[in-house]
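The residues making up each chain are set out below.
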Amino acid sequence: MRVLIVEDEPYMATAIRDGLRLEAIAADIAGDGDTALELLSINAYDIAVLDRDIPGLSGDQVAERIVASGSGIPILMLTAADRLDDKVSGFELGADDYLTKPFALRELVMRLRALDRRRAHHRPPVRTIAGLRLDPFRREVYRDGRYVGLTRKQFAVLEVLVAAEGGVVSAEDLLERAWDENADPFTNAVRITVSALRKRLGEPWIIATVAGVGYRIDTAPGTKDEGGERE
């Protein structure tokens, strides 16, 4: 999951971003409405977390632009405005959820995951492919009925690969979806994480490397991958 945090208070924004990263949720920060729209036009986000009172375009205006774009990105308004009228107006603008400050990070994480599940209503909440069973809500992975313990980053990478349903995902896309905009594009973190993930899942290797292209879930593990290889 990748989230855009629109918050003009640097300490608050950084604390939220760092907390979400610990939960394997990639997060970028926009300190004003104009920057938020710029990032939304460049990157693919799963959810926008908006403070209503921000410099430039207000959070309300950003919400209106998101809704008008037809992108379907869920909006969670995170603000100190806690009156019932404030909440009503927020929902009328198109917010999908509303959380008032101060708040517990754990609650924010649970609300984000709930929004992500609702956004993905067209696919089953629990994904299965080639003997893998991935439960994004419980953060659990099983292979052929055997529980596989993964780190947060390994789970995030596997989630992207499983969502591709056997399609190839480039290292760049994995870096974008499982890390965030601050990740070094020249890092070997993707290769290292995929290699460790492969070992955790066990043999026969289920993550195939398509040379020069990226990675994919092998729907027939144990056979040679056409145009690709296993590392």
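Analysis parameters
- Residues numbered from 1 in each chain as written.
- Predicted model: local features only at pLDDT ≥ 70, side-chain atom pairs only at ≥ 80, totals over all residues.
- Heavy atoms only, no water.
- Pairing = 2+ DSSP bridges.
- Helix = DSSP H or I, 4+ residues; strand = E, 2+ residues; numbered from the N terminus.
- Contact = heavy atoms within 4.5 Å.
- Axes fitted to C-alpha atoms, helices over the stretch in contact; angles between N-to-C directions.
- Core = buried A, V, L, I, M, F, W, Y, C linked by side-chain atoms within 4.5 Å.
- Buried < 20%, exposed > 50% of the residue type's maximum accessible area, 1.4 Å probe, protein only.
- Expected span 1.5 Å × (residues − 1).
- Arc of directions from axis to C-beta.
- Polar contact = N/O pair within 3.5 Å; in protein donor to acceptor, adjacent residues only side chain to side chain.
- Parallel < 35°, antiparallel > 145°, perpendicular 65-115°, else oblique.
- Left-handed = near helix turned anticlockwise from the far one by under 90°.
- Nonpolar A, V, L, I, M, F, W, Y, C, P; charged D, E, K, R; others polar.
- Salt bridge = Lys/Arg side-chain N within 4 Å of Asp/Glu carboxyl O.

### Observations concerning the sheet that holds strand β6 (residues 127-129)
Turning to step 1, where the next piece is worked out: Strands sit in the order β6-β7-β8-β9 across an open sheet of four strands; the sheet is antiparallel. Looking at strand neighbours, the two that pair on one side only are β6 and β9 (146-147), the edges of this open sheet.
Turning to step 2, where the next piece is worked out: Direction of pairing for strand β8 (residues 140-143) relative to β9: antiparallel, over a ladder of two bridges. The residue of β9 that forms the bridge with Tyr142 is Tyr147.
Turning to step 3, where the next piece is worked out: Across the face of the sheet, helix α6 (residues 152-163) comes into contact with β6, β7 (132-135) and β8 while running at roughly 115 degrees to β7.

### So, the nonpolar core
Turning to step 1, where the next piece is worked out: If you look at the biggest cluster of nonpolar residues, it comprises 27 residues, and the most contacted ones within it are Leu132, Leu158, Leu174, Leu201, Ile207 and Ile217.
Turning to step 2, where the next piece is worked out: Sorting the residues of this core by element identifies β7, α6, α7 (171-178), α8 (189-201) and β11 (214-217) as the ones contributing at least two each.
Turning to step 3, where the next piece is worked out: Among the elements that make up this core, the one with the highest residue count is α6 (seven residues).
Turning to step 4, where the next piece is worked out: Among residues more than four places away in sequence, those in contact with Leu158 are Leu132, Leu134, Val141, Leu150, Leu197, Leu201 and Ile217.

### Here we look at the sheet that holds strand β5 (residues 97-100)
Turning to step 1, where the next piece is worked out: The strand order across the open sheet formed by five strands is β2-β1-β3-β4-β5, and the pairing between neighbours is parallel. Every interior strand has two partners, whereas the edge strands, β2 (26-30) and β5, have only one. Recorded for the sheet is a direction-independent mean angle of 20 degrees between the axes of neighbouring strands.
Turning to step 2, where the next piece is worked out: Contacts between helix α4 (residues 84-93) and the sheet are confined to β4 (75-79) and β5, with β5 contributing the most and set at about 145 degrees to the helix.

### Examining helix α1 (residues 10-21)
Turning to step 1, where the next piece is worked out: Spanning 12 residues, α1 covers 16 Å between terminal C-alpha atoms, matching the ideal 16 Å at 1.5 Å per step.
Turning to step 2, where the next piece is worked out: Buried residues of α1: Ala13, Ile16, Arg17, Gly19 and Leu20, and no others. Viewed along the axis of α1, the buried residues span an arc of 165 degrees, placing them on a single side of the element. Turned more than 90 degrees from where α1 packs its buried face, Pro10 and Tyr11 sit exposed.
Turning to step 3, where the next piece is worked out: The opening residue of α1, the one whose side-chain oxygen lies 3.1 Å from the backbone nitrogen of Tyr11, is Glu9.

### Points about the side chain of Arg2
Turning to step 1, where the next piece is worked out: Positionally, Arg2 belongs in strand β1 (residues 2-6).
Turning to step 2, where the next piece is worked out: Judged by its relative accessible area of 2%, Arg2 falls in the buried class.
Turning to step 3, where the next piece is worked out: Separated by 2.6 Å, the side chains of Arg2 and Asp28 make a polar contact.

### Notes on the pairing of β8
Turning to step 1, where the next piece is worked out: Going residue by residue along β8, you find Val141 and Arg143 tucked away on one face and Glu140 and Tyr142 left uncovered on the opposite face.
Turning to step 2, where the next piece is worked out: As paired elements, β7 and β8 share four bridges and run antiparallel to each other. Bridge pairing in β8 places Leu134 opposite Val141.
Turning to step 3, where the next piece is worked out: Linkage of β7 to β8, two consecutive antiparallel strands, is achieved through a turn of four residues, within which Arg139 is found at a positive phi near 55 degrees.
Turning to step 4, where the next piece is worked out: In this antiparallel pair of consecutive strands, β8 and β9, the connection spans two residues, and Asp144 shows a positive phi of 50 degrees.

### Comments concerning the side chain of Asp116
Turning to step 1, where the next piece is worked out: With respect to the helices, strands and loops of the structure, Asp116 is situated in helix α5 (residues 105-119).
Turning to step 2, where the next piece is worked out: The class of Asp116 is buried, set by a relative accessible area of 14%.
Turning to step 3, where the next piece is worked out: Residues contacting Asp116, with those up to four places away along its chain left out, are Met1, Asp46 and Ile47.

### Brief notes about the packing of α6 against α7
Turning to step 1, where the next piece is worked out: Where α6 meets α7, the closest approach of the two axes is 10 Å, and the angle between their N-to-C directions is 120 degrees. When the interaxial angle is binned, α6 and α7 end up oblique. Pair α6 / α7 crosses with right-handed handedness. Residues Lys153, Ala156, Val157, Val160 and Leu161 of α6 form the contact with α7, whose participating residues are Leu174, Arg177 and Ala178.
Turning to step 2, where the next piece is worked out: The residue makeup of the contact of α6 with α7, split by class, is six nonpolar, no polar and two charged.

### Re the pattern of salt bridges
A side chain of one charge can pair with a side chain of the opposite charge when the charged atoms of the two come close.
Turning to step 1, where the next piece is worked out: Applying the stated criterion across every chain, the model contains 11 salt bridges.
Turning to step 2, where the next piece is worked out: Between Asp60 and Arg52 there is a salt bridge whose closest N-O contact spans 2.8 Å.
Turning to step 3, where the next piece is worked out: Here Arg111 makes a salt bridge to Glu107, at a shortest N to O gap of 2.8 Å. Here Arg111 and its partner Glu107 are both found in helix α5, four residues apart, which amounts to about one turn of the helix.
Turning to step 4, where the next piece is worked out: A residue is classified by how much of its surface remains accessible, and Glu107, at 33% relative accessible area, is partly exposed.
Turning to step 5, where the next piece is worked out: Put simply, Arg2, Asp28 and Glu176 are held in one network by salt bridges that share partners.

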